[in-house]
Amino acid sequence: MDHGSSPTKICKSVVDEDIISNLPEALRDKILCCLPIKEAVGTCLLSRTWRYTWGSMTELMFRRADFASGNDSADDDRRFLKFTDMFLFLHNGPILKFCLNTVANEMVSTGGHLYRWMLMLSRNKIKEIQLQTSIRDSYKVPSSFFSCDELEYVYLRACVFTSLHLPPPSKGFKQLHTLRLEYVTVEGNSLGDLVASCPNLEKLNIRGLCSQSNINIRSTKFKVLKIEGWFTHLNLHAPYLTSVWIGLELNSDTVGASTTRCNFNLSPFIASLSDVETIRFHGHILECVEREFLILKQPKLFNRLTEISLEINLGDLKEANFALCLFQHAPNLRFFKLKLISRNSMVPRVHFWESIDRDVCLFQNVEVVGLFDFTGSFAELGFLKFLLEGAPVLRKLGIIDKGLDRNVLKNLLKLRRASKDAEILILEACFPH
Amino acid sequence: MTAPTMTSRSPTSTQRSSPRSLSTARSTSSTSTAAAAPAEDLKSFDAEFVKVDRATLFDLILAANYLNIKGLLDLTCQTVADMIKDNTPEEIRKIFNIKNDFTPEEEAEVRKENQWAFE
């Protein structure tokens with residue numbers, strides 16, 4: 001650094017310099033990728049250096065909302081599609097990330113645009129695809145999608161997977177580590193086959209799954225698994241999961257039916273998990289618990305399990321037994337929440353929780369508990385008593401209800417607590433959890 | 001923090017702005033692991049951090065790139081992008097001292113070539 005020249009002289013020469021055009025290409029690319037894509041293309045008018053910089057952008061985000069002119073929506077659709085077509089036509093170079101956001105408009109399933117774009121991407125070493133399309137814009141996954149060998153991250157919505165056009169297991173996505181699907185329809189075991197062809201898939205996140213056939217998913221690489229939706233047969237084997245979330249929704253046709261006929265290998269699946277840290281079972285999945293739920297033949301513990309979330313009917317013997325088994329095998333549990341269901345009111349009063357041996361302290365490390373939709377029923381109060389007496393380090397217990405009567409509150413106050421620091425907070429249900 | 005000194009556009013300029021970015025990198029990485037840092041505080045910290053003159057901003061970009069600090073690189077590039085956004089080419093040229101070396105014919109050709117982008 002030259003201290004000889006006066007600071008003002010240096011300032012002036014630097015201020016006049018065009019630094020941005022002399023940045024390395026990778027950095028100019030990065031700056032353009034932070035702009036809305038239309039403005040990124042607009043930089044072609046700046047100078048000769050900038051004329052084709054937009055053409056080698058590596059991360060593309062096409063947002064239909066940017067083309068809203070306030071006039072004719074169909075005309076805006078047309079302009080958006082034309083822009084995207086022309087951009088991809090004139091683009092020159094690898095495309096590593098392609099994101100599409102047409103959430104509020106249906107336009108990709110007709111006209112074949114998506115098929116052409118996918119074909120183009122498959123020729124361009126694409127690594128990440130995010131198609132945030134409208135859920136009413138259902139489309140069959142293009143076959144060229146399966147030729148995108150370098151894919152690492154995929155997010156698709158409202159698409160249909162069939163077995164017929166899946167590639168053989170030997171030719172799958174070797175680099176894929178995260179697959180996120182929303183509102184997908186799956187025919188046959190195409191989902192299981194797809195997973196089998198992705199040897200490095202670690203994270204599978206499915207919301208709004210719709211399947212009527214047998215889904216068989218096996219993986220020794222999975223770390224995070226989330227499956228929520230409506231399915232009739234699910235067979236899971238993923239022993240190295242750290243986080244699992246299964247939610248079964250009722251088919252709207254069978255609302256009011258007493259049980260959802262769903263086959264899920266709950267016991268062997270849970271028994272195989274060794275390093276799991278978070279377990280969430282929502283919706284009607286616990287109705288799949290078998291009559292005699294024996295979690296493990298040998299006394300194996302889930303030492304890393306710290307968080308549990310269940311949607312459960314504490315008055316149902318099967319479900320209560322399941323929850324008890326889970327608590328018994330989770331010595332390091334710190335946080336759990338239960339969404340309480342009172343499904344079968346015909347079931348006789350269950351003295352389940354009262355009759356459990358109190359010598360073994362089940363909730364040794366539990367610090368925070370949430371009970372949602374608490375009604376103060378016999379079984380729920382029984383569980384509460386069981387919890388408070390067995391949780392020596394409990395700090396906060398949140399009870400979210402829709403209004404409890406005085407008797408229930410009186411019974412609540414009477415309950416003894418093992419933890420002197422325990423705070424019981426009764427909160428009104430006013431926002432979704 | 002004292003204002004960083006002006007630097008010349010040599011590769012060693014990245015070393016000159018390194019002290020500022022390094023100390024921030026340490027503080028931002030420690031705030032990201034600390035549970036208590038609220039999102040708004042971090043946001044306003046980030047906003048204040050990039051309130052520097054353009055030359056320093058570009059120094060930060062080059063430093064973040066060289067030192068491979070993703071968070072800082074994302075922040076600084078987005079800041080530059082925000083300066084480009086919603087401005088006409090002439091305004092952008094003014095902000096960044098870009099010389100318009102197009103001949104009128106060339107500029108007309110570029111507009112024709114990319115007509116679809118200006119509709």
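Residues numbered from 1 in each chain as written. Chains lettered and ligands numbered in written order. Predicted model: local features only at pLDDT ≥ 70, side-chain atom pairs only at ≥ 80, totals over all residues. Heavy atoms only, no water.

**Structural notes on the overall build of chain A**
- Looking only at helices and strands, one finds 10 helices and 18 strands in chain A.
- Looking at chain A as a whole, 51% of its 433 residues qualify as buried.
- For chain A, the share of sequence-separated contacts (at least 6 apart) that also reach a separation of at least 24 residues comes to 69%.
- About 20,400 Å² of surface is accessible on chain A, with carbon and sulfur atoms providing 52% of the total. (Helix = DSSP H or I, 4+ residues; strand = E, 2+ residues; numbered from the N terminus. Buried < 20%, exposed > 50% of the residue type's maximum accessible area, 1.4 Å probe, protein only. Contact = heavy atoms within 4.5 Å. Areas by Shrake-Rupley, 256 points an atom, 1.4 Å probe, with all protein chains shown as cover.)

**Notes on the nonpolar core**
All names here are of chain A.
- Judged by nonpolar contacts, the single largest core of 152 residues is most densely connected at F87, F264, F281, F336, F383 and L384.
- Of the residues forming this core, the biggest block, 7 residues, is contributed by helix α9 (residues 378-389).
- Those residues in contact with F383 that lie beyond four places of it in its chain are L314, F327, F336, L338, W353, F363 and L371. (Core = buried A, V, L, I, M, F, W, Y, C linked by side-chain atoms within 4.5 Å.)

**Comments concerning the pairing of strand β7 (residues 178-182) of chain A**
Residue and element names in this part refer to chain A.
- With 4 of 5 residues buried, β7 lies mostly within the body of the structure.
- Looking at chain direction, β7 and strand β9 (residues 203-218) are connected through 5 bridges and run parallel. Of the residues in β9, the one forming a bridge with E182 is R207. (Pairing = 2+ DSSP bridges.)

**Side note on unusual backbone geometry**
- With phi around 55 degrees, A158 of chain A is a residue other than glycine that occupies positive phi space.
- Here the phi dihedral of N97 of chain B falls at roughly 60 degrees; this positive angle occurs in a residue that is not glycine.

**A look at the UniProt feature "domain: FBD" (unreviewed entry) in chain A**
- Sequence positions flagged by UniProt for "domain: FBD" (unreviewed entry) are, in local numbering, residues 360-427 of chain A.
- Annotated as residues 360-427 of chain A, this span is 31% helix and 26% strand, and its ends, taken at the C-alpha atoms, are 31 Å apart. (UniProt positions renumbered as here; feature names shortened; annotations may be inferred.)

**Examining the UniProt feature "domain: SKP1 component dimerisation" (unreviewed entry) in chain B**
- Under the present numbering, the feature "domain: SKP1 component dimerisation" (unreviewed entry) in UniProt falls on residues 70-117 of chain B.
- The span residues 70-117 of chain B is 69% helix and 0% strand, and its two end C-alpha atoms sit 31 Å from each other.

**Some details on the interface of chain A and chain B**
- Taken together, the contact between chain A and chain B spans 38 residues of the former and 43 residues of the latter.
- Between chain A and chain B, the buried area comes to about 3,800 Å², and carbon and sulfur atoms account for 68% of it.
- For the pair chain A and chain B, the number of links is 5 salt bridges.
- The partner of K30 of chain A in a salt bridge is D74 of chain B, with the nearest N and O atoms 2.8 Å apart.
- Counting residues per element, the ones that place at least two in the side of chain A that touches chain B are α1 (7-15), α2 (25-33), α3 (37-42) and α4 (73-90) of chain A.
- Broken down by element, the residue count for the side of chain A that touches chain B peaks at 6 residues, all from α4 of chain A.
- Considering only residue class, the side of chain A that touches chain B consists of 25 nonpolar, 3 polar and 10 charged. (Buried area = accessible area lost by both parts, 1.4 Å probe. Salt bridge = Lys/Arg side-chain N within 4 Å of Asp/Glu carboxyl O. Nonpolar A, V, L, I, M, F, W, Y, C, P; charged D, E, K, R; others polar.)

**Some points on the packing of aromatic side chains**
- Tallying each qualifying case throughout the model produces 26 aromatic pairs over all chains.
- Summarising the aromatic geometry, the rings of F145 of chain A and F173 of chain A are spaced 5.2 Å apart at their centres and angled 65 degrees between planes, so their arrangement reads as edge-to-face. Of the two residues, F145 of chain A is situated in the loop between β4 (139-140) and β5 (153-157) and F173 of chain A in the loop between β6 (159-161) and β7; the sequence distance between them amounts to 28 residues.
- Since its relative accessible area comes to 2%, F145 of chain A is described here as buried.
- On the basis of relative accessibility, which here comes to 3%, the residue F173 of chain A falls in the buried class.
- Seen from their ring centres, F363 of chain A and F383 of chain A are 6.4 Å apart, and the 85 degrees between their planes marks the pair as edge-to-face. Taken together, the residues F363 of chain A in the loop between β15 (335-340) and β16 (368-374) and F383 of chain A in helix α9 connect sequence positions 20 residues apart.
- Judged by relative accessible area, which is 1%, F363 of chain A ranks as buried.
- One aromatic cluster is present, formed by W54, F62, F67, F80, F83, F87 and F98 of chain A together with W116 of chain B through successive ring pairs.
- A cation over an aromatic ring shows up here: R180 of chain A above the ring of Y155 of chain A, its NZ or CZ 4.0 Å from the ring centre. (Phe/Tyr/Trp six-rings, centres within 6.5 Å; stacked < 30°, edge-to-face > 60°. Lys NZ or Arg CZ within 6 Å of the ring centre and 35° of its normal.)

**So, the confidence of the model for chain B**
Residues and elements named next belong to chain B.
- Confidence in the prediction for chain B averages 77 pLDDT; 70% of positions are at 70 or higher.
- Taken element by element, chain B is modelled with least confidence in helix α1 (residues 13-33), mean pLDDT 48, and with most confidence in helix α6 (residues 104-113), mean pLDDT 94.
- In this model residues 28-34 is a low-confidence stretch, pLDDT under 50, and it forms 3 contacts with partners more than four residues away in sequence or in other chains.
- Across the predicted assembly, pTM comes out at 0.83 and ipTM at 0.73. (pLDDT = per-residue confidence, 0-100.)

**Notes on the packing of helix α4 (residues 70-84) of chain B against helix α5 (residues 89-96) of chain B**
Residue and element names in this part refer to chain B.
- Between α4 and α5, the least distance of the axes is 9 Å, while the angle of their chain directions is 130 degrees. On the basis of the axis angle, α4 is oblique to α5. Note on element contacts: α5 touches α4 through I92, I95 and F96, opposite V80, M83 and I84. (Axes fitted to C-alpha atoms, helices over the stretch in contact; angles between N-to-C directions. Parallel < 35°, antiparallel > 145°, perpendicular 65-115°, else oblique.)

**Some remarks on the pairing of β16 of chain A**
Residue and element names in this part refer to chain A.
- Most of β16 is tucked away, with 6 of its 7 residues classed as buried.
- Two strands pair when backbone bridges link them, and β15 and β16 are joined in this way by 5 bridges, in the parallel orientation. In the sheet register, F335 faces β16, and the bridge partner there is V368.
- With 6 bridges connecting them, β16 and strand β17 (residues 396-401) associate as parallel partners. Paired with F372 across the two strands is I400, which belongs to β17.
- In this view, the connection linking β16 to its parallel neighbour β17 by way of α9 has right-handed handedness. (Right-handed = clockwise from strand over helix to strand, strands pointing away.)

**Structural notes on α4 of chain A**
All names here are of chain A.
- With 18 residues, α4 ought to run about 26 Å at 1.5 Å a step, and its terminal C-alpha atoms sit 26 Å apart, in line with that.
- All of the buried residues in α4 are D76, D77, R79, F80, L81, F83, T84, F87 and L88.
- The inward-facing, buried residues of α4 abut α3, β1 (59-63), β2 (97-102) and α5 (113-122). (Expected span 1.5 Å × (residues − 1).)

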